[in-house]
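What follows is the residue order along each chain.
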Amino acid sequence: MNDSSWGPPPQTGYWGPSDQGPVPGAAPAGPAYDAHNAQQTHPLPYVADVPAHGGDQDVDRGAARLSGPLFRDETTQARSHPGEVPQNPEPMPDASDASQPAPPPQKKSAGRDLGAAIGVGVGLGAVIVASLFVVKAVFVGVIAVAVVVGLWELTKRLEERKGIKAPLVPLALGGAAMVISGYARGAEGAWIAMALTALAVLVWRMTEPPEGYLKDVTAGVFAAFYVPFLATFVAMMLTADDGAWRVLTFLLLTVVSDTGAYAVGWRFGKHKLAPRISPGKTREGLLGAVSFAMVVGALCMQFLIDDGTWWQGLLLGLAVAASATLGDLGESMIKRDLGIKDMGTLLPGHGGIMDRLDSLLPTAPVVWLLLVVFVGSG
C-alpha cells in the first residue's frame with residue numbers, strides 16, 4: 001500500500017476538539033472531510049456546541065477525530081440547529097475530473113544512448129580481437145593503456161569529490177610495469193611490481209605536505225591493487241599455448257553475463273537485488289546473468305579451450321556471473337560514495353573506461369584460477 005492510500009495529511013491547525021474550544025478558521029473534523037475541496041470554500045461559521053475533550057479522541061492530538069457531522073461547501077443548505085445533518089445534502093464534487101485524458105503509459109528506458117553504446121562496443125571489440133589474435137604483445141599494450149586511463153579516471157574523481165590526492169605518476173608507471181611483468185614473469189613478477197608500486201606511492205607522496213598523507217597513500221595503494229594488479233591476470237592468461245582463446249572466453253563470459261542481466265532485468269525485473277547500492281539491479285537480472293553465462297561457458301570450454309569439457313564451462317559461467325555482479329556492485333559503491341553516475345565520459349553510451357572495467361577486473365583472477373585448475377597453466 002502506498003502513502004497516497006492514506007489520503008492527504010492534516011492541515012495546519014487541524015487538531016480536532018480541545019479543552020479551549022474550537023480554533024477560529026480551523027478546518028472541522030469529519031470522516032468525509034476533503035482537504036483539497038476545503039481550500040476552495042469560505043470559512044465555516046463558528047459552531048458553539050463542540051464536544052468536550054476526551055472519549056475516543058486521539059491521545060496525542062496529532063490526528064483528526066474519526067467522528068462528527070458531514071460537511072459541505074456554501075452551496076449546501078444551512079442547518080437549522082448545530083450538529084444537525086441537512087436533509088438531502090448536495091453531493092460532494094469529485095476531485096478528479098474524468099473528462100481529462102489519462103496520461104500516456106511510460107515506456108521503459110535503458111538510460112543510455114544505445115546506438116552510441118553499441119557502436120563503441122563493436123569498435124572496442126574489433127580492436128581487442130584484432131590485437132589478441134595477431135600479436136600478443138600488442139594486446140598487452142592495450143591492457144596497459146586501459147589500466148593507465150582507468151587509474152587517471154579513478155584518481156581524478158577521488159580528488160574532485162573527496163579531496164584525496166592519490167599520486168598518479170607512480171601509479172601509472174607502476175601499473176603499466178605490473179601488466180608487463182605479469183605477462184613476462186607470471187604471478188611472481190606481478191607481485192614484485194605491485195610491492196614496488198606501493199612503495200613508490202609512499203615515497204612520492206612524501207614530497208607534499210604531511211596533511212592528508214595517510215588517506216592519500218591508502219587510496220593510492222587501493223588503486224594500484226584494484227586496477228592494474230587485477231588486470232595483470234588477463235596478461236597472465238595470455239601466456240598459455242591457447243592463451244588467446246582463454247582471454248576470449250573470459251571476455252565473452254563477462255560480456256554475456258552483463259548482457260543477460262541487463263536484458264532479463266530490464267524486461268522482467270521486479271525484485272531489487274541491492275537497492276541501497278544499485279537500484280537498477282534485480283534478482284531476475286542475476287538469474288539472467290547466471291543462465292546466459294553458464295550456457296556460453298559450456299560452449300566455450302567444450303570448443304575453444306584445449307582439454308576443456310562442458311561441465312567445467314557450467315561452473316566457470318556460474319563463477320563469472322557471481323564475480324561480475326559483485327564487481328559491478330563494488331563499482332556502484334564507489335560511485336555512490338563519490339556522488340557520481342559515471343567515472344568518466346571517454347566512451348559515449350558507456351561512461352568511462354572504469355565503467356567498462358568494473359565487471360572485468362574482479363572476474364580476471366577468478367577465470368585465470370579456474371582455468372589453471374581445470375586444464376592447467378598451459
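From a predicted model like this one, the values you see are computed outputs, not experimental measurements.

Caption draft 1: Summary view of the overall build of the protein chain. Within the protein chain, the regular secondary structure consists of nine helices and two strands. If you list the helices and strands of the protein chain from N to C, you get α-α-α-α-α-α-β-β-α-α-α. Of all 378 residues assigned to the protein chain, the portion counted as buried reaches 37%. Within the protein chain, contacts between residues separated by at least 24 positions form 69% of all contacts whose residues are at least 6 apart in sequence.

Caption draft 2: Spatial organisation of the confidence of the model for the protein chain. Averaged over every residue, the pLDDT of the protein chain is 79; residues scoring 70 or more account for 68%. This model gives residues 1–86 a pLDDT under 50, and the stretch forms 73 contacts once residues within four places in sequence are excluded.

Caption draft 3: Highlighting the pairing of strand β2 (residues 278–282). As paired elements, strand β1 (residues 272–274) and β2 share two bridges and run antiparallel to each other. Opposite K272, over in β2, you have T282 as the bridge partner. Hairpin connection from β1 to β2: three residues lie between these consecutive antiparallel strands.

Caption draft 4: Region of the structure containing the packing of helix α6 (residues 243–268) against helix α7 (residues 283–303). In the contact formed by α6 and α7, the axes pass within 7 Å of each other and the chain directions differ by 150°. The handedness of the crossing between α6 and α7 comes out as right-handed. Contacts from T249, L252, L253, V256, S257, G260, A261, V264, G265 and F268 in α6 reach E284, G285, G288, A289, F292, A293, V296, G297 and C300 in α7.

Caption draft 5: Geometry of the side chain of E153. With respect to the helices, strands and loops of the structure, E153 is situated in helix α3 (residues 136–162). Of the side chains with opposite charge, R157 comes closest to the buried, unpaired E153, at an N-O distance of 6.0 Å. Within the structure, the side chain of E153 is placed 2.9 Å from the backbone nitrogen of M354, a separation counted as a polar contact. The contacts of E153, once residues within four sequence positions are left out, are M343, G344, L346, G352, I353 and M354.

Caption draft 6: Looking closely at helix α5 (residues 213–237). Under the 1.5 Å per step criterion, the end-to-end length of α5 is 36 Å for 25 residues, consistent within 8% with the ideal 36 Å. The largest bend along α5 measures about 30° and falls at F225, with the proline P228 one to four residues further on. Most of α5 is tucked away: 18 of the 25 residues are buried.

Caption draft 7: Quick peek at the pattern of salt bridges. Counting across every chain of the model gives six salt bridges. Note that R246 is salt-bridged to D242, the shortest N-O span being 2.9 Å. You'll find R246 and D242 in the same group, each marked buried. With its nearest N and O atoms 3.5 Å apart, the salt bridge here joins D328 to K281. With D328 in helix α8 (residues 310–338) and K281 in strand β2, the pair connects residues that are 47 residues apart, well separated along the chain. The burial state of D328 is the same as that of K281; both residues are buried.

Caption draft 8: Region of the structure containing a nonpolar patch on the surface. Nonpolar side chains collect at one region of the surface, where I192, L196, L199, L202 and V203 lie side by side and expose about 440 Å² of accessible area between them. Its location among the elements puts L202 in helix α4 (residues 168–204). Residue L202 is classed as partly exposed on the basis of its relative accessible area, which comes to 32%.

Caption draft 9: Inspection of the nonpolar core at higher detail. Membership of the largest hydrophobic core comes to 57 residues, with the highest contact counts inside it found for I143, V247 and F250. Put simply, the parts of the chain that give this core at least two residues each are α3, α4, α5, α6, α8 and α9 (353–375). At 14 residues, the largest contribution of residues to this core is made by α5. Beyond its immediate sequence surroundings of up to four residues, V247 is in contact with L132, F139, V234, M237 and L238.

Caption draft 10: Geometry of the packing of α3 against α4. Between α3 and α4, whose axes approach to 9 Å, the crossing angle comes to 155°. The angle between α3 and α4 falls in the class roughly antiparallel. For α3 against α4, the interelement crossing comes out right-handed. Residues K136, V140, I143, A144, V147, V148, L151, W152 and T155 of α3 touch α4, and the partners they reach there are L168, L171, A172, G175, A176, V179, I180 and Y183. The residue inventory of the contact of α3 with α4, partitioned by class, reads 14 nonpolar, two polar and one charged.

Rules used in this analysis
- Residues numbered from 1 in each chain as written.
- Predicted model: local features only at pLDDT ≥ 70, side-chain atom pairs only at ≥ 80, totals over all residues.
- Heavy atoms only, no water.
- Helix = DSSP H or I, 4+ residues; strand = E, 2+ residues; numbered from the N terminus.
- Buried < 20%, exposed > 50% of the residue type's maximum accessible area, 1.4 Å probe, protein only.
- Contact = heavy atoms within 4.5 Å.
- pLDDT = per-residue confidence, 0-100.
- Pairing = 2+ DSSP bridges.
- Axes fitted to C-alpha atoms, helices over the stretch in contact; angles between N-to-C directions.
- Left-handed = near helix turned anticlockwise from the far one by under 90°.
- Lys, Arg positive; Asp, Glu negative; His and termini not counted.
- Salt bridge = Lys/Arg side-chain N within 4 Å of Asp/Glu carboxyl O.
- Polar contact = N/O pair within 3.5 Å; in protein donor to acceptor, adjacent residues only side chain to side chain.
- Expected span 1.5 Å × (residues − 1).
- Bend = angle between axes of the 7 residues up to and from the residue.
- Patch = residues over 30% accessible without salt bridge, like charges linked within 9 Å, V, L, I, M, F, W, Y side chains within 5 Å.
- Areas by Shrake-Rupley, 256 points an atom, 1.4 Å probe, with all protein chains shown as cover.
- Core = buried A, V, L, I, M, F, W, Y, C linked by side-chain atoms within 4.5 Å.
- Parallel < 35°, antiparallel > 145°, perpendicular 65-115°, else oblique.
- Nonpolar A, V, L, I, M, F, W, Y, C, P; charged D, E, K, R; others polar.

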